[in-house]
Amino acid sequence: MTTRQHFSIALPGRAPLVLGERTLVMGIINVTPDSFADGGRRFDPARAVDAGWQMLEDGADILDVGGESTRPGAEPVDAGEELRRVLPVLEAFAGRPLVSIDTYKAVVAREAIARGAAIVNDVSALQYDRDLAGVVAESGAAVVLMHNRGRSHDMYREAVYDDAAAAIRDELRHSIEAAVGAGIRIEQVILDPGLGFAKKAEHSYQAVAGLDRIASLGRPILAGPSRKSFLRAAIGDVPPDERDWATAAAITASTLMGAHIVRVHAVREMVQVVKVADALLAAGLRQRTGPPGSAV
């Protein structure tokens, strides 16, 4: 259990994103035919929009809209197809909820920001498309830099670590330096350890357990363990849509280790999970810093 730092991140055209007072929940909207977690059930834009409004009703703070599956082994899609998938969803939300665009492409990010997206969630930490940094810097959008190595088809070959948490921390430090060097203000940056990306199961568990070490970089943390395959190392060969109990455990651990945002599929259930985890964090803080409470 760790003490979570507090941040205020300026966003274009809306109030700042305040992080640290409680854990925020980011709902996942994959407008793709090959999503590993829902089998492409939200590929239709109208269904994706309905799912997003339901997530907001269930307590989501942020909606993360993506039009290309980046799971290991997924085939890339071109920018035109990605835009065809995500723009109707973004236009339907019309900037009312806080929306993140899950993309590594500069052209997709630019069009999404023009339609109200205020966060760019990049699985490559600005490595796949060098023009993306300029889009983020110019727009003032927040950016999530996710730890990753290689591409979807070969990332597991890169899963070699002596100390996974230390390597993730050090490589994200380089990502921050590259982002700042490209004109992005450090205050725009959020970090993601990239659970399941270029990592074997044991590396993802080490990353969750070592989130406090990654937080030492002085930026807020987004954790995304939801329904991922690394959970099978503990629970066996359970299909993705039956991994929400396992997800709840990983979300709790992530929160207790300092995550500011958790990215999830089952919003209603995980909102309850983070409320309890936040209460545990608060109780631990009171025990460490305040007078002892009364017995219950």
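Residues numbered from 1 in each chain as written. Predicted model: local features only at pLDDT ≥ 70, side-chain atom pairs only at ≥ 80, totals over all residues. Heavy atoms only, no water.

**Observations regarding helix α5 (residues 164-181)**
So, point 1. Spanning 18 residues, α5 covers 26 Å between terminal C-alpha atoms, matching the ideal 26 Å at 1.5 Å per step.
So, point 2. By the burial criterion, the buried members of α5 are A164, A165, A166, A167, I168, L172, S175, I176 and A179.
So, point 3. Structurally, α5 contributes buried residues whose contacts are with β7 (142-146), β8 (189-192), α6 (201-209) and α7 (211-215).
So, point 4. Residue G183 follows α5 closely and has a positive phi angle near 105 degrees. (Helix = DSSP H or I, 4+ residues; strand = E, 2+ residues; numbered from the N terminus. Expected span 1.5 Å × (residues − 1). Buried < 20%, exposed > 50% of the residue type's maximum accessible area, 1.4 Å probe, protein only. Contact = heavy atoms within 4.5 Å.)

**Examining α6**
So, point 1. Where α6 is concerned, the buried positions are H203, S204, A207 and V208. Along α6, the residues classed as buried sweep out an arc of 140 degrees about the axis, all on the same side.
So, point 2. Residues of α6 that are buried in the fold lie against α5, α7 and α9 (244-256). (Arc of directions from axis to C-beta.)

**Quick word on the side chain of H147**
So, point 1. Of note, H147 is situated in the loop between β7 and α5.
So, point 2. Since its relative accessible area comes to 2%, H147 is described here as buried.
So, point 3. With sequence-adjacent residues up to four places away left out, H147 is seen in contact with Y161, A167, I168, E171, L172, D192, P193, G194, F197 and K199.

**Considerations on the nonpolar core**
So, point 1. Within the largest apolar cluster, 65 residues are counted, with the highest numbers of intra-cluster contacts made by V65, V120 and L145.
So, point 2. Counting residues per element, this core draws most heavily on helix α2 (residues 79-93), at six residues.
So, point 3. Formed by 16 residues, the second largest nonpolar core is a distinct cluster that contains L17, I62, L222 and I261. (Core = buried A, V, L, I, M, F, W, Y, C linked by side-chain atoms within 4.5 Å.)

**So, the packing of α9 against helix α10 (residues 267-289)**
So, point 1. With their axes 9 Å apart at the nearest point, α9 and α10 run at an angle of 30 degrees to one another. For the element pair α9 and α10, the recorded crossing hand is right-handed. Between α9, through D244, T247, A248, I251, T252, T255 and L256, and α10, the contact on the second element is made entirely by M270, V273, V274, A277, D278, L280 and L281.
So, point 2. Of the residues that constitute the contact of α9 with α10, the class distribution is nine nonpolar, three polar and two charged. (Axes fitted to C-alpha atoms, helices over the stretch in contact; angles between N-to-C directions. Left-handed = near helix turned anticlockwise from the far one by under 90°. Nonpolar A, V, L, I, M, F, W, Y, C, P; charged D, E, K, R; others polar.)

**Here's the deal with unusual backbone geometry**
One can expect most non-glycine residues to show negative phi and most peptide bonds to be in trans.
So, point 1. One non-glycine residue, A125, lies in the positive phi region at around 50 degrees.
So, point 2. Checked against the element boundaries, A125 lands in the loop between β6 (119-122) and α4 (132-139).
So, point 3. One non-glycine residue, R227, lies in positive phi territory at about 60 degrees.
So, point 4. Checked against the element boundaries, R227 lands in the loop between β9 (222-223) and α8 (232-235).

**Comments concerning the packing of helix α3 (residues 106-114) against α4**
So, point 1. Direction vectors running N to C along α3 and α4 enclose 20 degrees, while the axes themselves pass 8 Å from each other. Between α3 and α4, the angle falls in the class roughly parallel. Judged by the twist between their axes, the crossing of α3 over α4 is right-handed. Seen from α3, the contacting residues are A106, A109, R110 and I113; seen from α4, they are L132, V135 and S139. (Parallel < 35°, antiparallel > 145°, perpendicular 65-115°, else oblique.)

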